[in-house]
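Structure at a glance
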Amino acid sequence: MSVELSATRQAVATAQRVVVKVGSSSLTTTEGGLDTARLSALVDSVARRVASGCQVVLVSSGAIAAGLAPLGLSRRPRDLATQQAAASVGQEALAHAYAESFSRYRLIVGQVLLTADDVVRRGHYRNAQRTLNRLLGLGAVPVVNENDTVATTEIRFGDNDRLAALVSHLVGADALILLSDVDALYDGDPRHGGASVIREVNGDADMAGVRAGSTGASGLGTGGMASKVGAARVACSSGIPVLLTSAAQAERALGPADVGTAFAATGSRLSARRFWLAHAAGASGRLWLDDGAVAAVVKRRRSLLAAGITAVEGAFDGGDVVELVDPAGAVVARGVVAYDAAELPELIGRSSHQLPPEQRREVVHADDLVPLR
């Protein structure tokens, strides 16, 4: 269905650097194994966009699902070891299929496997950024996937929608396109009838009453609509517009962008460091703030002082990332803490003039703090 082009859709259609995420259910059969016809159709659409002068990064799920049939597995395994074994087989099949299909257009594919650790650790983040930018500069199509073969429960992204949002900022993308087995965002489950499609999302108000599921329809993926909406919010809050539609609509999504649901960019593009703080870095603890400190941090963008802290949670060292929460427990900011957790209990609630000179520094400096409201 064609719709009138909004400013958001025009931005997606004319973007010069695009991240495209495709889910497992769009590339594999319900029995497991790759659906080469659907993969080739996606490649056709991506190649046409590249031919127009656009740089495309493809974030592709499907490694575990692609490994099911070759290993004689009837369904997606629940235990981590079997998931890793399936990914080991499936990643090879997936990479080969992409390389072979893109070769029809004389395009080179560069496989980039990431764990959450590669984004959480600042040095790894910069290395991934340099690799992806260099691949794009050399005219290759980077194909990114979570490294399921080695990722553990503690360092998993959980789904490739979040990974795609992080990669979008990492490469400075102008737009993010999320492709799945659902053609748009609905205010309820479209499989149950009575749900209405939402064509444009310009802010949280447009999401009022939306009930997004947490699992995919096919059972092959780990995402679902909730993870896609979450990924869209991460990207949009950082100045990147998002288009959400089905893989079957990839040609229109990568062309005029007149299908699916368009999410308008709601924030300004953050520096790499501030984005890393807000969305990528793992938090090692929490600092609970009183209302005055919340206002200072969120509204006035001030540094956090010991006087505004009411409680300390977690085990962290100075230099770690922590979450700052309001009296109701909502996370309002993230930042790099200047003290170890063991040092803070005797400081909290005390104004600077009540502290020894060596302890009068900010707990979290404004330059190392990102408000989330």
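Residues numbered from 1 in each chain as written. Predicted model: local features only at pLDDT ≥ 70, side-chain atom pairs only at ≥ 80, totals over all residues. Heavy atoms only, no water.

Going by the annotation in an unreviewed UniProt entry, the name recorded for the chain is Glutamate 5-kinase, with Saccharopolyspora kobensis given as the source organism. Regarding the chain, the UniProt comment filed under Pathway (unreviewed entry) reads as follows: "Amino-acid biosynthesis; L-proline biosynthesis; L-glutamate 5-semialdehyde from L-glutamate: step 1/2." Regarding the chain, the relevant UniProt record gives this comment under Subcellular location (unreviewed entry): "Cytoplasm". (UniProt positions renumbered as here; feature names shortened; annotations may be inferred.)

**What to know about the overall build of the chain**
The helix and strand inventory of the chain stands at 11 helices and 15 strands. When burial is assessed residue by residue, the chain has 50% of its 373 residues classed as buried. A fraction of 73% describes how many contacts in the chain between residues 6 or more apart in sequence connect residues 24 or more apart. Within the structure as shown, the chain displays about 16000 Å² of accessible surface, and the carbon and sulfur contribution to it stands at 50%. (Helix = DSSP H or I, 4+ residues; strand = E, 2+ residues; numbered from the N terminus. Buried < 20%, exposed > 50% of the residue type's maximum accessible area, 1.4 Å probe, protein only. Contact = heavy atoms within 4.5 Å. Areas by Shrake-Rupley, 256 points an atom, 1.4 Å probe, with all protein chains shown as cover.)

**Some thoughts on the nonpolar core**
For soluble globular proteins, nonpolar side chains are generally found buried alongside one another. Val19, Val144, Val167, Leu185 and Phe263 are the most contacted members of the largest nonpolar core, which totals 46 residues. Contributing elements (two or more residues each) for this core: β2 (55-60), β3 (109-114), α6 (122-137), α7 (160-170), β5 (175-180), α8 (225-237), β9 (242-246) and α10 (272-280). If one sorts the elements of this core by residue count, α8 sits on top with 7 residues. In terms of domain composition, this core takes at least three residues from each of domain 1 (7-275) and domain 2 (282-371). (Core = buried A, V, L, I, M, F, W, Y, C linked by side-chain atoms within 4.5 Å. Domains from an automatic or database assignment.)

**Quick word on the pattern of salt bridges**
Overall, the coordinates contain 8 salt bridges when judged by the stated rule. Of the charged contacts, one joins lysine 21 and aspartate 161 as a salt bridge, the two residues approaching to 3.1 Å between their closest N and O atoms. Of this pair, lysine 21 sits in strand β1 (residues 17-22) while aspartate 161 sits in helix α7; the two residues are 140 residues apart in sequence, bridging distant segments of the chain. A salt bridge links aspartate 44 to arginine 104; its shortest N-O distance comes to 2.9 Å. Here the residue aspartate 44 occupies a position in helix α2 (residues 36-51), and arginine 104 occupies one in the loop between α4 (80-102) and β3, the gap between them amounting to 60 residues. On the accessibility criterion, aspartate 44 (18% relative accessible area) is buried. Because the salt bridges share partners, they merge into one network encompassing Lys21, Asp161 and Lys228. (Salt bridge = Lys/Arg side-chain N within 4 Å of Asp/Glu carboxyl O.)

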